[in-house]
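Here is how the chains run, residue by residue.
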Amino acid sequence: MYKLNNLTFYYKNTEVPALKNINLEIAHGEFLGIIGHSGSGKSTLAKCLNGIIPHYQHGRMRGQVLFNGNPTETLSIADISRSVGSVFDDPESHLITMEVEQELIFGLENMAVDPKEMQIKVENALEAVGIAHLRNRSINTLSGGQKQRLAIAAALAVEPKILVLDEPTSELDPIGSKEIYNLLAKFNKKGITVVLIDQKVELLARYASRIIVLNQGEIILEGSPREIFSADEKLNKAGVDIPQVTKLIKMLGFRYGKLPISVDEGAACILENMGIGK
Ligand code: ADP
Ligand code: MG
């Protein structure tokens, strides 16, 4: 779906590249997690995927971002957003209308959806993210977490092939975040490719099929969650945490076959090391 060849990007009037020699392929059906310290280039990478760079935000770009074989420079934002749904890290910045329902209708009208289908799509999208009861509310009365849910609903309503989400659960509580991850996993199972930027390593460990780690604009690690979280020294230097349970097992000096990255795996490992396992 995506192929990034030696992508380097400098924002206007900057000397240090925000992205440096990024080589990355994203395949159909993946659930790709992107982690990295603040300022490592995650949002810039998301903007290169959804075409904001180079169409709206200018700078110096070297290398290529190919979307289904075509350089994003040669596609319009409208072309890209027919397939790519985006959720930005600041929901305020891309909620356009005043009312919850209007926000979804706005996106669907842009896609020329049949008005009869519209009502059903609006209802389904709001229900999926658990805010059907807020349908007639004014957006400025919503909490941060509710706005994030609405932004996700708006992205889902147009049934994209790919979702690019930049820290979409930053204002949600732990249960709310897990609900969103479950929802993304459900859509991923239906064939939607998910590209998710997040700091929540516990959840990414559980849901992502692959993770990349950015450090100062470069990809320094790439692999399955278990491979990534095995490289704890490298992650530490890059300012990225590993799941708490993984840290605990390492601290205790316990033996393990495969590195525990979930609470269930951690519990099994502890019981086994204490001689009370199965
Ligand atoms: P992250 O999302 O990982 O926190 P960003 O992609 O937002 O990182 O930023 C990467 C780098 O680019 C940072 O050094 C940041 O200061 C810089 N940057 C981001 N946006 C701009 C901009 N509009 N103009 C200049 N520099 C920017
Ligand atoms: Mg960011």
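In case you missed it, the structure is sitting above this.
Along every chain, residues carry numbers that run from 1 in the direction the sequence is written. Key to labels: chains lettered from A, ligands numbered from 1, both in the order written. Given that this is a predicted model, residues contribute local features only at a pLDDT of at least 70 and side-chain atom pairs are listed and counted only at 80 or more, while totals for whole chains, interfaces and linings are drawn from all residues. Processing note: side-chain calculations cover all non-hydrogen atoms of the structure and skip hydrogens and water entirely.

**A closer look at the overall build of the protein**
So, step 1. Helix and strand assignments come from DSSP, with helices taken as H or I runs of at least 4 residues and strands as E runs of at least 2, each series counted from the N terminus. If you tally the helices and strands in the protein, you get 13 helices and ten strands.
So, step 2. Only C-alpha atoms enter the radius of gyration; for comparison, a globular chain is expected to reach 2.2 Å times N to the power 0.38, where N is the number of residues. What you see for the protein is a C-alpha radius of gyration of 20 Å, in line with the 19 Å of a compact globule of 278 residues.
So, step 3. Taking the principal axes of its C-alpha atoms as reference, the protein extends roughly 65 × 45 × 30 Å.
So, step 4. Throughout this description, buried means an accessible area under 20% of the type-specific maximum (1.4 Å probe, protein chains only), exposed means over 50%, and partly exposed covers the range between. Taking all 278 residues of the protein together, the buried fraction comes to 48%.
So, step 5. Working rule for contacts: check all heavy atoms of both residues, and any pair within 4.5 Å makes them a contact. Within the protein, contacts between residues at least 6 apart in sequence are counted, and of these 61% link residues at least 24 apart.
So, step 6. Looking at the protein as shown, the accessible area adds up to about 13,700 Å², and 50% of this sits on carbon and sulfur atoms.
So, step 7. Residues counted as positive are Lys and Arg, residues counted as negative are Asp and Glu, and His and the chain ends are not counted. To locate a charge, the coordinates of NZ of Lys, CZ of Arg, CG of Asp or CD of Glu are taken. Here the protein contributes 30 positively and 33 negatively charged side chains, and the mean placements of these two sets differ by 4 Å. Using a 1.4 Å probe, accessible areas were evaluated by the Shrake-Rupley method; residue-level cover was limited to the displayed protein chains.

**Looking at the site of ligand 1**
So, step 1. It suffices for a single heavy atom of a residue to lie within 4 Å of a molecule or strand for the residue to be listed as near it. Every residue lining ligand 1 is accounted for by Tyr-11, Thr-14, Ala-18, His-37, Ser-38, Gly-39, Ser-40, Gly-41, Lys-42, Ser-43, Thr-44 and Gln-57.
So, step 2. Within 3.5 Å is the distance limit for a polar contact, defined as a pair of N or O atoms, with the added protein rule that one can donate a hydrogen and the other accept it, and that residues adjacent in sequence qualify only through two side-chain atoms. The contact in question runs from an oxygen atom of ligand 1 to an N or O atom on the backbone of Ser-40, over 3.2 Å.
So, step 3. Coverage of ligand 1 by the protein chains reaches 60% of its 560 Å² of free accessible surface.
So, step 4. Ranked by residues supplied to the shell around ligand 1, first place goes to helix α1 (residues 42-49) with three residues.
So, step 5. Classification used: nonpolar for Ala, Val, Leu, Ile, Met, Phe, Trp, Tyr, Cys and Pro, charged for Asp, Glu, Lys and Arg, polar for all others including Gly. By residue class, the composition of the shell around ligand 1 is two nonpolar, nine polar and one charged.

**A word on the nonpolar core**
So, step 1. The biggest cluster of nonpolar side chains holds 53 residues, and the ones touching the most others in it are Leu-150 and Phe-229.
So, step 2. At seven residues, the largest contribution of residues to this core is made by helix α7 (residues 144-157).
So, step 3. By size, the runner-up hydrophobic cluster in this structure holds 26 residues, among which are Tyr-2, Phe-9, Leu-45 and Val-65. By convention a nonpolar core is built from buried Ala, Val, Leu, Ile, Met, Phe, Trp, Tyr and Cys residues, the set being connected through side-chain atoms within 4.5 Å.

**As for the sheet that holds strand β1 (residues 2-11)**
So, step 1. Being paired, for any two strands, means DSSP has found at least two bridges between them. Ordered by their spatial adjacency, four strands build an open sheet running β2-β1-β4-β5, and the pairing between neighbours is antiparallel. The strands lining the two open edges of the sheet, one partner per strand, are β2 (19-26) and β5 (70-71).
So, step 2. Judged from the five bridges that link them, β1 and β2 form a sheet pairing that is antiparallel. Across the sheet, residue Phe-9 finds its bridge partner in β2, namely Leu-19.
So, step 3. As a rule, the C-alpha atoms of each element are fitted with a line to give its axis, helices using only the stretch in contact, and angles between N-to-C directions run from 0 to 180 degrees. Against the sheet, α1 engages β1, β2 and β4 (59-67), with an angle of about 125° to β1.

**Quick look at the packing of helix α12 (residues 244-252) against helix α13 (residues 263-273)**
The axes of two packed helices give the description: the angle between them and the distance between them.
So, step 1. At a closest axis distance of 9 Å, the pairing of α12 and α13 adopts a crossing angle of 20°. What the angle tells us is that α12 and α13 run roughly parallel. Considering the relative orientation of α12 and α13, their crossing is left-handed. Contacts between α12 and α13 involve Val-245, Leu-248 and Ile-249 from the first element and Val-263, Gly-266, Cys-269 and Ile-270 from the second.
So, step 2. The residue inventory of the contact of α12 with α13, partitioned by class, reads six nonpolar, one polar and no charged. For classification, angles of less than 35 degrees are called roughly parallel, those exceeding 145 degrees roughly antiparallel, those between 65 and 115 degrees roughly perpendicular, and all remaining angles oblique. Crossing handedness follows the turn of the near helix against the far one: under a right angle anticlockwise gives a left-handed crossing, and clockwise gives a right-handed one.

**A short note on α1**
So, step 1. Taken across its eight residues, α1 has seven buried, putting it largely inside the fold.
So, step 2. Phi turns positive one or two residues past the end of α1, at Gly-51, with a value near 90°.

**Things to note about the sheet that holds strand β6 (residues 84-87)**
So, step 1. If you walk across this open sheet you meet the six strands as β6-β7-β8-β3-β9-β10, and the pairing is mixed. Since the sheet does not close on itself, it has two edges, and those belong to β6 and β10 (218-223), each with one partner. Between one strand axis and the next, the sheet turns by 15° as a mean value, whatever way the strands run.
So, step 2. Inspection of the sheet shows β6 paired to strand β7 (residues 162-166) by four bridges, in the parallel sense. Across the sheet, residue Gly-85 finds its bridge partner in β7, namely Leu-163.
So, step 3. Running over the sheet, α7 touches β6 and β7 and is turned about 175° from β6.

**Digging into the pattern of salt bridges**
So, step 1. The working definition used for a salt bridge is a side-chain nitrogen of Lys or Arg within 4 Å of a carboxyl oxygen of Asp or Glu. A complete count under the given rule lists twelve salt bridges for this structure.
So, step 2. A salt bridge links Arg-210 to Glu-30; its shortest N-O distance comes to 2.8 Å. In this pair, Arg-210 sits in strand β9 (residues 210-215) while Glu-30 sits in the loop between β2 and β3 (31-36), placing the two residues 180 residues apart along the sequence.
So, step 3. Taking relative accessible area as the criterion, Arg-210 reaches 15% and is therefore assigned buried.
So, step 4. Across the pair Lys-247 and Asp-241 runs a salt bridge, and its minimum N-O distance is 3.1 Å.
So, step 5. Each of Glu-30, Arg-210 and Glu-222 takes part in a single network of salt bridges with overlapping partners.

**What about helix α5 (residues 100-110)?**
So, step 1. Those residues of α5 that sit buried are Val-100, Glu-101, Glu-103, Leu-104, Ile-105 and Leu-108.
So, step 2. Trailing α5 by a residue or two, Ala-112 shows a phi angle of about 55°, which is positive.

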